[in-house]
Amino acid sequence: MFRDMHPTPNISHITREDYNDVYEPSEDSFLLMDVLENDVQAITKIRPMICLEVGSGTGVVSCFLATLLQQPCMFWMTDINTKASQVSMNTMRQNKVYMTDAITSDLTTGLMDRLQGKVDLLLCNPPYVPTPLQEVGSNGIAASWAGGNNGREVIDRLLPAVNKLLSPQGLFYLLCVKENKPDEIMATLQTDNISGCVAMQRRAHNEFLMVLRFNHS
Ligand SMILES: C[S@@+](CC[C@H](N)C(=O)[O-])C[C@H]1O[C@@H](n2cnc3c(N)ncnc32)[C@H](O)[C@@H]1O
């Protein structure tokens, strides 16, 4: 049986010039949205009140989730790139999502005190491409992809925050590629009693993309 697909947010306000500075939604973004749509019943069941997306880019993923869920939820978004935070807020407004805020910040800096143990949905499509280490750490468009060793520099800095942020029923969705060594990521979080599995995977051009889904064991 086929369900109607939930429409992707209206992002017609974003110009070609904006995409010089902000990551344009691509196969990875769409895979993450597909998983969220697939999981909508399980997500609705936990009655999420707070969602946090780290590295929101255009904001399209959080906006998709906000319009998919038919219940009130506060959407926090962070991005290291100021232009991405501005575009993310505009995407939410354009799609009439008002319970939201976008913060220019490194990972979850500035939000940890406020959101500790309260995040029901944690989302991240990180810079995952293996690159030379010196390409990591910009706050411009290169921050969208430059992942350093095994594409793991940003991912590995986020992992210790997951257990602190997630509410007891919280879910964490992480986009990654095979080169990121997903088994290792799952083993790392398991030491914090956070269990993971592959929620969906897809080949796209030269990338083998997957979304990992985690919850408290
Ligand atoms: C692959 S893009 C994903 C954008 C968007 N979530 C999507 O799926 O289309 C990665 C995003 O993470 C942001 N980013 C990179 N390093 C970051 C950091 N340390 N803290 C917060 N955001 C970061 C980048 O600026 C970029 O917007």
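Relevant structure appears above.
Residues numbered from 1 in each chain as written. Predicted model: local features only at pLDDT ≥ 70, side-chain atom pairs only at ≥ 80, totals over all residues. Heavy atoms only, no water.

Novice: Could you clarify how one ought to interpret the overall build of the protein in this entry?
Specialist: For the protein, the count of helices and strands is eight helices and seven strands. The C-alpha radius of gyration of the protein comes to 16 Å, within 12% of the 17 Å expected for a compact globule of 217 residues. Oriented by its inertia axes, the alpha-carbon framework of the protein measures out at about 45 × 40 × 40 Å. Residues counted as buried form 50% of the 217 residues belonging to the protein. Within the protein, residue pairs in contact and separated by at least 24 positions form 72% of the contacts whose partners lie at least 6 positions apart. (Helix = DSSP H or I, 4+ residues; strand = E, 2+ residues; numbered from the N terminus. Rg over C-alpha atoms; globule rule 2.2 N^0.38 Å. Buried < 20%, exposed > 50% of the residue type's maximum accessible area, 1.4 Å probe, protein only. Contact = heavy atoms within 4.5 Å.)

Novice: Which parts of the structure should I look at to understand the site of the ligand?
Specialist: Around the ligand there are 19 residues in total, and Ser29, Gly55, Asp79, Asp106 and Leu107 lie nearest to it. The backbone of Ile80 places a nitrogen or oxygen atom 3.2 Å from a nitrogen atom of the ligand. Asn125 places a polar side-chain atom, nitrogen or oxygen, 2.9 Å from an oxygen atom of the ligand. Protein chains bury 97% of the 590 Å² of accessible surface belonging to the ligand in isolation. Looking at the shell around the ligand, its residues break down into seven nonpolar, eight polar and four charged. (Near = heavy atom within 4 Å. Polar contact = N/O pair within 3.5 Å; in protein donor to acceptor, adjacent residues only side chain to side chain. Areas by Shrake-Rupley, 256 points an atom, 1.4 Å probe, with all protein chains shown as cover. Nonpolar A, V, L, I, M, F, W, Y, C, P; charged D, E, K, R; others polar.)

Novice: I keep staring at the sheet that holds strand S6 (residues 194-204) and nothing clicks. Help me out?
Specialist: Working definition: the strands of a sheet are paired by backbone hydrogen bonds and lie parallel or antiparallel to each other. Strand order in the open sheet formed by seven strands is S3-S2-S1-S4-S5-S7-S6, and the pairing between neighbours is mixed. Both edges of this open sheet fall to strand S3 (100-104) and S6, since each of them pairs with a single strand only. Between one strand and the next, the sheet's axes are offset by a mean angle of 15°, whatever the strand orientation. The strands touched by helix H5 (residues 82-94) within the sheet are strand S2 (74-79) and S3, with S3 carrying the most contacts at an inclination of about 170°. (Pairing = 2+ DSSP bridges. Axes fitted to C-alpha atoms, helices over the stretch in contact; angles between N-to-C directions.)

Novice: Explain the nonpolar core here, please?
Specialist: Most often, soluble globular proteins keep nonpolar side chains buried together rather than apart. If you look at the biggest cluster of nonpolar residues, it comprises 35 residues, and the most contacted ones within it are Ile43, Leu65, Phe75, Leu121 and Tyr173. Element by element, the count of residues in this core is highest for helix H4 (residues 60-68), at seven residues. If we skip the residues at most four places from it in the chain, Ile43 touches Leu36, Pro48, Leu65, Leu69, Leu121, Leu171 and Tyr173. Counting 29 residues, the second-largest nonpolar core is a separate cluster that includes Val54, Leu166, Ile185 and Leu189. (Core = buried A, V, L, I, M, F, W, Y, C linked by side-chain atoms within 4.5 Å.)

Novice: What's the story with the side chain of Asp79 in this structure? I'm lost.
Specialist: Tracing the sequence through the fold places Asp79 in strand S2. Buried and unpaired, Asp79 has no salt bridge, with Arg157 as the nearest side chain of opposite charge at 11 Å. Of the polar contacts made by the side chain of Asp79, one reaches the backbone nitrogen of Gly57; its length is 2.9 Å. Ignoring any residue separated from it by four or fewer positions in sequence, one finds Asp79 in contact with Gly55, Ser56, Gly57, Ala84, Ser85, Ile103, Thr104 and Ser105. (Lys, Arg positive; Asp, Glu negative; His and termini not counted. Salt bridge = Lys/Arg side-chain N within 4 Å of Asp/Glu carboxyl O.)

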